[in-house]
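Given next are the chains, with one letter for each unit.
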Amino acid sequence: MTSALFLTNIPPFGWLIIAVVVLVLFGRGKISSLMGEVGKGITSFKKGVADGTKELEEAAAEEAKDVTPEDKDKA
């Protein structure tokens, strides 16, 4: 809980200093490729969620198609 409070108490100038230190340590190219991978991961996650939702909706629609009871007297 204290780490969450610590992150909210950093002033904007502090975030700027942190960003500069990270840029110096890792370099512009490494950070750029890392952010590209994060973007691809987010896109993949959203696509997976959409596909899962679509499969669930299709299964529910298939189940709801035929709701008439079978006639047992007709045999």
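Residues numbered from 1 in each chain as written. Predicted model: local features only at pLDDT ≥ 70, side-chain atom pairs only at ≥ 80, totals over all residues. Heavy atoms only, no water.

Undergrad: Even after reading the chapter, I still don't get the overall build of the protein chain, so can you show me in this structure?
TA: Looking only at helices and strands, one finds three helices and zero strands in the protein chain. Each helix and strand of the protein chain, ordered N terminal to C terminal, gives the series α-α-α. Looking at the protein chain as a whole, 3% of its 75 residues are labelled buried. For the protein chain, the exposed surface amounts to about 7,200 Å²; the carbon and sulfur share of it is 66%. (Helix = DSSP H or I, 4+ residues; strand = E, 2+ residues; numbered from the N terminus. Buried < 20%, exposed > 50% of the residue type's maximum accessible area, 1.4 Å probe, protein only. Areas by Shrake-Rupley, 256 points an atom, 1.4 Å probe, with all protein chains shown as cover.)

Undergrad: Quick question: what am I supposed to make of a negative patch on the surface here?
TA: A cluster of acidic side chains, namely Asp51, Glu55, Glu57 and Glu58, defines a negative patch on the protein surface. Assignment of secondary structure puts Glu55 in helix H3 (residues 28–65). (Patch = residues over 30% accessible without salt bridge, like charges linked within 9 Å, V, L, I, M, F, W, Y side chains within 5 Å. Salt bridge = Lys/Arg side-chain N within 4 Å of Asp/Glu carboxyl O. Lys, Arg positive; Asp, Glu negative; His and termini not counted. Charge placed at Lys NZ, Arg CZ, Asp CG, Glu CD.)

Undergrad: I keep staring at the packing of helix H2 (residues 12–26) against H3 and nothing clicks. Help me out?
TA: The axes of two packed helices give the description: the angle between them and the distance between them. Relative to each other, H2 and H3 sit at 105 degrees, their axes nearing to 6 Å. By the angle class used here, H2 and H3 are roughly perpendicular. Across from Val22, Leu23 and Phe26 in H2, the residues of H3 making contact are Arg28, Lys30 and Ile31. Tallied by class, residues from the contact of H2 with H3 come to four nonpolar, no polar and two charged. (Axes fitted to C-alpha atoms, helices over the stretch in contact; angles between N-to-C directions. Parallel < 35°, antiparallel > 145°, perpendicular 65-115°, else oblique. Contact = heavy atoms within 4.5 Å. Nonpolar A, V, L, I, M, F, W, Y, C, P; charged D, E, K, R; others polar.)

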